[in-house]
Amino acid sequence: MKRRSFIHNGAKAGIAFSLLGAYACKDGAKEKSKTDVDESINIPDTTPFFKLSLAQWSINRMIRRDGMNPYRFAEKAKSWGFTGLEYVSQLYKPELEETNYSEEAMQNFVAKNNAEAKKYGLTNLLIMIDSEGPLAAIDAKERKEAIESHYKWVNAAADMGCHSIRVNLQGAMEKEPWIKASVDGLTQLATYAKDKNINIIVENHGGPSSNASWLASVMQKVNMDNCGTLPDFGNFCVVRENGSYYDSKCLEEYDKYQGVQELMPFAKAVSAKTYDFDKEGNEAKIDYVRMMQIVKDAGYNGYVGVEYEGDILGEEEGIIATKNLLLKTIDELT
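Note on numbering: residues in each chain are counted from 1, in written sequence order. Predicted model: local features are reported for residues with pLDDT of at least 70 only, side-chain atom pairs are reported and counted for 80 or more only, and whole-chain, interface and lining totals are derived from all residues. Computation of side-chain values: all heavy atoms of the structure, hydrogens and water removed.

A.B. asks: I keep staring at the environment of His150 and nothing clicks. Help me out?
C.D. replies: Helix and strand definitions here come from DSSP, where helices need a minimum of 4 consecutive H or I residues and strands a minimum of 2 consecutive E residues; each element is numbered from the N-terminal end. Within the secondary structure, His150 is located in the loop between α6 (140–149) and α7 (151–159). Exposure is judged per residue with a 1.4 Å probe applied to protein chains only, and the accessible area is read against the type maximum: over 50% gives exposed, under 20% gives buried, and values in between give partly exposed. Overall, His150 belongs to the buried group, its relative accessible area being 2%. Leaving out residues up to four positions away in the same chain, His150 has contacts with Ile129, Glu132, Gly133, Leu135, Ile165, Val167 and Leu189. The term polar contact refers here to a pair of N or O atoms within 3.5 Å; inside protein, the definition further demands a hydrogen-donor-capable atom paired with an acceptor-capable atom, and it admits residues adjacent in sequence only when both atoms are side-chain atoms. Polar side-chain contacts of His150 include one of 2.7 Å to the backbone oxygen of Ala146. Whether two residues are in contact is decided by their heavy atoms: any pair within 4.5 Å suffices.

A.B. asks: Whenever I open this one, the pattern of salt bridges confuses me. Can you help?
C.D. replies: When a carboxyl oxygen of Asp or Glu is within 4 Å of a side-chain nitrogen of Lys or Arg, the pair counts as a salt bridge. One pass over the full model with this rule turns up 11 salt bridges. Among the ionic pairs, Arg65 bridges to Asp66, the shortest N-O distance being 3.0 Å. Close ionic contact of Glu203 with Arg166 constitutes a salt bridge, the shortest N to O distance being 2.8 Å. Residue Glu203 is found in strand β5 (residues 199–203), and its partner Arg166 is found in strand β4 (residues 164–167); the two are separated by 37 residues along the sequence.

A.B. asks: Teacher, can you tell me more about the packing of helix α9 (residues 212–222) against helix α10 (residues 256–263) here?
C.D. replies: Axes are the key here: two packed helices are described by the angle between their axes and the distance separating the axes. A fitted line through C-alpha atoms represents every axis, and for helices the fit uses only the stretch in contact; the resulting angles, taken between N-to-C directions, go from 0 to 180 degrees. Contact geometry for α9 and α10: axes closest at 9 Å, N-to-C directions at 5 degrees. It follows that α9 is roughly parallel to α10 by the angle criterion. From α9, Ala212, Ser213, Leu215 and Ala216 reach across to α10, where they touch Gly259, Glu262 and Leu263. Note on residue classes: Ala, Val, Leu, Ile, Met, Phe, Trp, Tyr, Cys and Pro are nonpolar, Asp, Glu, Lys and Arg are charged, and everything else, Gly too, is polar. Counted by class, the contact of α9 with α10 contains 4 nonpolar, 2 polar and 1 charged residues. Here roughly perpendicular refers to angles of 65 to 115 degrees, roughly parallel to angles under 35, roughly antiparallel to angles over 145, and oblique to all remaining angles.

A.B. asks: Is there a simple way to think about the sheet that holds strand β1 (residues 51–55) in this case?
C.D. replies: Backbone-to-backbone hydrogen bonds pair the strands of a sheet. The strands run either parallel or antiparallel. In short, DSSP must find at least two bridges between two strands for them to pair. The strand order across the open sheet formed by 8 strands is β6-β5-β4-β3-β2-β1-β10-β9, and the pairing between neighbours is parallel. Looking at strand neighbours, the two that pair on one side only are β6 (227–230) and β9 (270–274), the edges of this open sheet. Direction aside, neighbouring strands of the sheet carry axes that sit 30 degrees apart on average. Alignment of β4 against β5, held across 4 bridges, turns out to be parallel. If you follow Ile165 over to β5, its bridge partner there is Ile200. Against the sheet, helix α8 (residues 175–194) engages β4, β5 and β6, with an angle of about 145 degrees to β5.

Listed below in structure tokens is the structure:
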């Protein structure tokens, strides 16, 4: 794929302004955060090869714990200097469940988000879908029910002008049954989505899907233009203590750099996950220069989504620190 720059020099100045402005909004002589991250801004001279989007999960605590309206997502993303939006279905679940995801409720979800995106001049990119059933279930009937449960989100994404929905491949846990069920589930769902110009993309998101070589094998077997991956810089735990996908101690982790490299040939989006930062503003456990070099070397020139998931910095601070880190890597890439 031929690389081309998405952000021109004028936009680069806007990035600098947005980052500086975000920090300036803090109390003038405020003490540094608990991590003492250096908040100085060094805007690179090189034009970025990617655009910046914000994953809504980065503000899940503002929404779920603090009661912020999820429809303020575009407003927040705009204030932090992002141009793309990555929605998370479960953050609208309380509202949509009340009507059992009625057609009217889904249309309202679409209309509100479209209005907000238009108001702030942002681009709807994708919806991350959770809790709609196991697309890799061994039982064909259960798998079919999960496939059809995703249809409403394919329709919503199309009506919002998104390019993709992100799905999970939960169900079977053993390699061969999981691959077989995953290929069938994705093929059926991607076939439905094809005529609506929606991609079905899979994130490494716990369990077998975090084994990048298995997931790459699934992509090769599906072999459809509108089926791909969303490589996440984290989320490479393949075995947890209690056998869950997310909620216990990790016992076995796939090599994250190898994993991203294996998933990039199929990537239609990229998730820049962060947890915590050192005093220089680098991610404490992920070498961002190495990760972004892998992304660049793959010829990727689309959106890179910021997904802050840390516990020490607040969500706003973590989002800005992640954005700053991504921009800082640009001049260090070859």
